[in-house]
Structure formats: C-alpha cells, structure tokens
Amino acid sequence: MQPSPAAVEVRKDETTRLYEALIDEQVVGTLAYETAGGRATLTHSYVDPDQRHRGIASALARHALEDLARGPTKVGIYCGFVADYVQDHPEWNDAVDISRSTFIATRTARDTTSER
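Residues numbered from 1 in each chain as written. Predicted model: local features only at pLDDT ≥ 70, side-chain atom pairs only at ≥ 80, totals over all residues. Heavy atoms only, no water.

## Some thoughts on helix H1 (residues 56–68)
Next, step 1: Compared with an ideal rise of 1.5 Å per residue, which puts 13 residues at 18 Å, H1 spans 18 Å between its outermost C-alpha atoms and is within 8% of the ideal.
Next, step 2: Here H1 has its buried residues at Ile56, Ala57, Ala59, Leu60, Ala61, Ala64, Leu65 and Leu68. (Helix = DSSP H or I, 4+ residues; strand = E, 2+ residues; numbered from the N terminus. Expected span 1.5 Å × (residues − 1). Buried < 20%, exposed > 50% of the residue type's maximum accessible area, 1.4 Å probe, protein only.)

## Considering the packing of H1 against helix H2 (residues 80–88)
Next, step 1: Axis separation between H1 and H2 bottoms out at 10 Å; the angle between their running directions is 80 degrees. The angle between the axes of H1 and H2 places the two elements in the roughly perpendicular class. Contact with H1, carried on its side by Ala57, Ser58, Ala61, Arg62 and Leu65, involves Phe81, Val82, Tyr85 and Val86 of H2 and no other residues of that element. (Axes fitted to C-alpha atoms, helices over the stretch in contact; angles between N-to-C directions. Parallel < 35°, antiparallel > 145°, perpendicular 65-115°, else oblique. Contact = heavy atoms within 4.5 Å.)

## What about the pattern of salt bridges?
Next, step 1: The tally for this structure, following the rule as stated, stands at 5 salt bridges.
Next, step 2: The salt bridge partner of Arg11 is Glu20, with a shortest N-O separation of 2.6 Å. (Salt bridge = Lys/Arg side-chain N within 4 Å of Asp/Glu carboxyl O.)

## Brief notes about the sheet that holds strand E2 (residues 18–23)
Next, step 1: Across the sheet, 6 strands lie side by side as E1-E2-E3-E4-E5-E6; this open sheet has mixed pairing. Two strands bound the open sheet, and with one partner strand each, they are strand E1 (9–13) and strand E6 (96–98). Recorded for the sheet is a direction-independent mean angle of 25 degrees between the axes of neighbouring strands.
Next, step 2: Inspection of the sheet shows strand E5 (residues 75–77) paired to E6 by 3 bridges, in the parallel sense. Of the residues in E6, the one forming a bridge with Gly76 is Asp97.
Next, step 3: Contacts between H1 and the sheet are confined to E1, E2, strand E3 (26–36), strand E4 (39–47), E5 and E6, with E2 contributing the most and set at about 135 degrees to the helix.
Next, step 4: The strands touched by H2 are E3, E4, E5 and E6; relative to E6, the strand with the most contacts, the crossing angle is about 120 degrees. (Pairing = 2+ DSSP bridges.)

## Notes on the packing of aromatic side chains
Next, step 1: Across all of its chains, the model carries 1 aromatic pair by this definition.
Next, step 2: With a centroid separation of 5.3 Å and an interplanar angle of 50 degrees, the aromatic rings of Tyr19 and Tyr33 are classed as tilted. Of this pair, Tyr19 sits in strand E2 while Tyr33 sits in strand E3, and the two are 14 residues apart along the sequence. (Phe/Tyr/Trp six-rings, centres within 6.5 Å; stacked < 30°, edge-to-face > 60°.)

Right, dumping it as structure tokens:
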C-alpha cells in the first residue's frame with residue numbers, strides 16, 4: 001500500500017541544509033538548500049527510487065517554499081523538480097526566482113526546456 005502525501009512528514013535540518021521527507025521515521029527523500037547573503041536557494045531534490053511518484057517530492061517542495069517564502073527575498077530555484085512544481089502551482093511565482101539556465105541536464109531539466 002502506498003502512503004498518501006499526508007503520511008509524509010517533512011523536517012528541516014539546518015546542520016545539513018536539507019529538508020527531509022520521512023515515512024515511518026525513515027528518510028525517503030531530501031531537498032537541499034543553500035543560504036548566502038540573506039537569500040535561500042533550493043538546489044537539488046532526491047527521492048528514493050522505490051518511493052517515487054507518491055507525492056513525496058511535492059511535499060518537500062511545498063514545505064520548503066512555505067518555510068523560505070517568509071524571508072525578505074525571493075527564493076532562488078536551481079532544482080528542476082521545484083521549478084516544475086512552481087510552474088504547476090503559480091501561486092508561488094511571486095515568491096521565487098527560477099534560474100533554468102543553471103539546471104544540470106537531468107531528465108526533468110531537458111523535458112522542461114525542450115517544450116520552449
């Protein structure tokens with residue numbers, strides 16, 4: 001049985017600069033962030049292969065955006081998944097600054113740039 005997104009707990013670990021997604025107290029996904037000059041940037045997400053397509057990355061993106069959007073500057077987005085999440089949730093457009101030119105050539109980055 002697959003967990004619903006509500007079963008995913010997300011916590012922020014400031015020591016490792018990761019948002020961690022947990023199911024049954026086990027880390028199943030992460031979203032890395034950096035801070036510099038008062039600006040936070042979401043850099044890379046990862047979800048265990050056997051946990052993908054279950055809403056975990058979306059839960060990470062939503063939690064991180066809710067947390068970081070409270071800051072004084074726009075959140076930088078270098079993670080292809082989070083950029084796609086924002087594209088699908090335009091309510092975040094005013095809170096972020098997406099830099100698609102800096103994406104690593106992952107499948108997500110290629111898919112989103114090929115349509116433009």
